[in-house]
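Structure assessment
Listed below are the residues making up each chain.
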Amino acid sequence: MVKQIKININDSFNKELPADPILENTRRQVTKACFSFVKPKQTANPEMLHVSPDMLDNLGLTEADGKSEAFLNIFTGNEVLENTKPYAMCYGGHQFGSWAGQLGDGRAINLFEVEHDNTNWALQLKGAGETPYSRTADGLAVLRSSIREYLCSEAMHHLGVPTTRALSLALSGDEVLRDVLYNGNPAYEKGAIVSRVAPSFLRFGSFEILAARQDIETLNTLVDYTIKHHFSYLGKPSKESYVQFFAEVTERTLQMIIHWQRVGFVHGVMNTDNMSILGLTIDYGPYGWLEDFNFGWTPNTTDSQHKRYRYGNQPNIGLWNLYQLANALFPLIEDAEKLEAILNKYKVDFETQSLKMMRNKLGLELVDDLDTQLIQNLEDNLQLSETDMTIFFRSLGDFKKENPTDGIKIVANAFYHPTEISDAIRQNWNNWFVRYASRLQKETTIDEARKEQMNTVNPKYVLRNYMAQLAIDAADKGDYSLIDELFQLLKNPYNEQPHNEKWFVKRPDWARHKVGCSMLSCSS
Ligand code: AMP
Ligand code: MG
């Protein structure tokens, strides 16, 4: 008998909500239920590659637990913890603007919920095998996408962006067939399993599916459950608390997207099944980080034609998705005006919050009428020639308001093609730096204090697309050291880390058009 790990199980989702009565693991439409019981698949040769010490701690586990055989078995799905009943959640969603019907956890299996330090965490395995929601796919995940999710979700947390977390990354030991470019060239890749953690994995689509099926009774049960466990400050269920619930989800979604815009994160697949009801960044698929500042950029090749989920469109899509959630909640609220008022407020608030966020990035504490213009001009300039977003804003902290003519020198490292900076472009930048300097004269802070403040919102290190790819290429060859190196680096994204300057560089040229670096498909 293997030594068990001690963990404080506190399940509610699979106890308080209606379950699918069918227990067989066959693909089907699941009605009048929020989830189906299902066991994870046994894997050939599980191997733990990385465990997040932070998350162990959050769950009340020790580092020794993380190294134990019990931990390996539980978090690769090979052993089900006593008194727990794993399950897959039922949800639907709008994909790329169209209703897609039932989707659900096709390859995520929830293990249990844990209570520690008065916080409840749900744990789920991604890539742990088929479920009733797997449709035509295999329920598995490959190593490359699992490394991307594992590293990025923890990195986002340390950047201060609301996100689901990751506890562990493991190899399953099984091979998984994938056609990365969807061009008829399938190949076997290493299978992997990430254990993900969040207070809840409920999505907009969890509510939409019930409304679409006109199952208002289950919808009502689910909304009451969600308020009770995740928005308890809204009080007892009532039409008014349902309106407040929608207002809260709207506010959290807005804040999340403002953070994405601030750090240059592009989600890539903002379908409503990938929108967390808690306003957490969820489902790390073909996401990417802006390298050159470009509102039109999306990493997702599946979306390359319409670029629906491009960087500059994320705020609009957030709103579009909230409209779908409002429609789903309408049968419980029956007051279109109240819902519309909340949606209209999102538009106004987004403008205000976005301006505030950009002011922070520029180190401006006071409010000035000309700020909108100053920011607009900056965004125009950033797009005159390829300019690295992260390096630009981080370097701007070194700007001295007495020396506007040095501005272009200070940010020079951000330009991808220094020789293409024409006299006209140079002039535009010089003009902007003069305006920025005179705007800074209105502030009371000194240069050093401004730099310090700017460094808390302009990260020095983000998980650039090519960095994740380097870790993946090495891992494919059996070298997992870069996973840990990046994991450690991204724990302190706002700090100067002199020994890590090699990661504060523009995307190297080889990565410009490499698959996995700037272009990603949904294949995972
Ligand atoms: P995504 O675009 O990754 O958010 O996934 C959309 C839907 O497809 C969700 O219902 C997933 O569970 C499902 N899905 C994605 N990949 C797989 C897979 N390999 N096996 C089963 N279902 C999957
Ligand atoms: Mg998804």
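Model, not experiment: these values are computed from the prediction.

1. Details of the pattern of salt bridges
Taken as a whole and judged by the stated rule, the model has 35 salt bridges. Across the salt bridge formed by E154 and R165, the nearest N and O atoms sit 2.7 Å from each other. With E154 in helix α5 (residues 143–159) and R165 in strand β8 (residues 165–178), this pair connects stretches of sequence that are 11 residues apart. Pair check on accessibility: E154 and R165 agree, each one buried.

2. Here's the deal with the nonpolar core
Inside soluble globular proteins, nonpolar side chains tend to come together where they are buried. Residues F207 and Y436 are the most contacted members of the largest nonpolar core, which totals 155 residues. For this core, the element with the most residues is helix α8 (residues 239–263), which contributes 11 residues.

3. Some remarks on the coordination of the magnesium ion (ligand 2)
Of the protein atoms, only N274 (OD1) and D283 (OD) coordinate the magnesium ion (ligand 2), at distances of 1.9 to 2.2 Å. Residues N274 and D283 agree in their burial class; the two are buried.

4. Concerning the domain arrangement of the chain
Considered domain by domain, the chain is made up of domain 1 (13–204), domain 2 (214–360) and domain 3 (364–444). Between the C-alpha centres of domain 1 and domain 3 the distance comes to 44 Å.

5. Topic: the environment of D398
Along the chain, D398 turns up in the loop between α12 (389–396) and α13 (407–411). A relative accessible area of 33% means that D398 is categorised as partly exposed. On a C-alpha basis, the gap between D398 and E448 in space is 8.3 Å, while along the polypeptide they are 50 residues apart. At 2.6 Å, the side chain of D398 and the side chain of K451 are in polar contact.

6. Some thoughts on the confidence of the model for the chain
Confidence in the prediction of the chain, expressed as mean pLDDT, is 97, and 99% of residues score 70 or more. Ranking the elements of the chain by mean pLDDT puts helix α16 (residues 465–476) last with 96 and helix α6 (residues 204–212) first with 99.

7. Concerning helix α10 (residues 336–362)
With 27 residues, α10 should cover 39 Å at 1.5 Å per step; its first-to-last C-alpha distance of 39 Å lies within 8% of that length. If you follow the buried residues of α10, they end up packed against α8, α9 (314–333), α11 (371–382), α12, α14 (423–441) and α15 (447–454). After α10 finishes, the residue G363 shows a positive phi value of roughly 75 degrees.

8. Thoughts on a nonpolar patch on the surface
Together, L181, V515 and M519 make up an exposed nonpolar region whose accessible area comes to about 230 Å². With respect to the helices, strands and loops of the structure, L181 is situated in the loop between β8 and β9 (187–198). Residue classification places L181 among the partly exposed positions, given a relative accessible area of 47%.

9. Observations regarding the packing of α5 against helix α17 (residues 481–489)
Helix-helix packing: each pair is described by the crossing angle between the helix axes and the interaxial distance. Orientation of α5 relative to α17, taken along the N-to-C sense of each, is 20 degrees, at an axis distance of 9 Å. Between α5 and α17, the interaxial angle falls into the category roughly parallel. Where α5 crosses over α17, the two elements pack in a sense that is right-handed. Taking contact as the criterion, the partners of I147, Y150, L151 and E154 in α5 are, on α17, I483, L486 and F487. Looking at the contact of α5 with α17, its residues break down into six nonpolar, no polar and one charged.

10. Looking at the packing of α10 against α12
One can describe the packing of α10 onto α12 by two numbers: an axis separation of 8 Å at closest approach and a directional angle of 60 degrees. Of the residues in α12, those in contact with M358, K361 and L362 of α10 are M389, F393 and L396.

11. A look at the pairing of strand β7 (residues 119–126)
Most of β7 sits out of view: six of its eight residues are buried. Between strand β6 (residues 108–116) and the antiparallel strand that follows it, β7, lie two residues; D117 among them carries a positive phi value of about 50 degrees.

12. Some details on the packing of aromatic side chains
Remark: the centre distance and the inter-plane angle together describe each pair of aromatic rings, the angle taken between the planes. On inspection of all chains with the given rule, the structure shows 31 aromatic pairs. Pairing F293 with Y311 gives two aromatic rings, centres 5.9 Å apart and planes at 80 degrees, and the pair type is edge-to-face. Here F293, found in the loop between β11 (288–289) and α9, pairs with Y311, found in the loop between β11 and α9; they are 18 residues apart in sequence, far enough to count as distant. Residue F293 shares its accessibility class with Y311, and that shared class is buried. Measuring from ring centre to ring centre gives 5.9 Å for Y466 and W510, while their planes differ by 90 degrees; the resulting arrangement is edge-to-face.

13. Observations concerning the environment of T163
Locating T163 in the fold gives a position in the loop between α5 and β8. The buried category is assigned to T163, whose relative accessible area is 9%. Residues contacting T163, with those up to four places away along its chain left out, are S153, M156, H157, L280, T281 and Y284. Looking at T163, its side chain comes within polar contact range of the main-chain oxygen of T281, at 3.4 Å.

So, how was this worked out
- Residues numbered from 1 in each chain as written.
- Chains lettered and ligands numbered in written order.
- Predicted model: local features only at pLDDT ≥ 70, side-chain atom pairs only at ≥ 80, totals over all residues.
- Heavy atoms only, no water.
- Salt bridge = Lys/Arg side-chain N within 4 Å of Asp/Glu carboxyl O.
- Helix = DSSP H or I, 4+ residues; strand = E, 2+ residues; numbered from the N terminus.
- Buried < 20%, exposed > 50% of the residue type's maximum accessible area, 1.4 Å probe, protein only.
- Core = buried A, V, L, I, M, F, W, Y, C linked by side-chain atoms within 4.5 Å.
- Donors = N, O, S within 2.8 Å, 3.2 Å for Na, K, Ca; no water.
- Domains from an automatic or database assignment.
- Polar contact = N/O pair within 3.5 Å; in protein donor to acceptor, adjacent residues only side chain to side chain.
- pLDDT = per-residue confidence, 0-100.
- Expected span 1.5 Å × (residues − 1).
- Contact = heavy atoms within 4.5 Å.
- Patch = residues over 30% accessible without salt bridge, like charges linked within 9 Å, V, L, I, M, F, W, Y side chains within 5 Å.
- Areas by Shrake-Rupley, 256 points an atom, 1.4 Å probe, with all protein chains shown as cover.
- Axes fitted to C-alpha atoms, helices over the stretch in contact; angles between N-to-C directions.
- Parallel < 35°, antiparallel > 145°, perpendicular 65-115°, else oblique.
- Left-handed = near helix turned anticlockwise from the far one by under 90°.
- Nonpolar A, V, L, I, M, F, W, Y, C, P; charged D, E, K, R; others polar.
- Pairing = 2+ DSSP bridges.
- Phe/Tyr/Trp six-rings, centres within 6.5 Å; stacked < 30°, edge-to-face > 60°.

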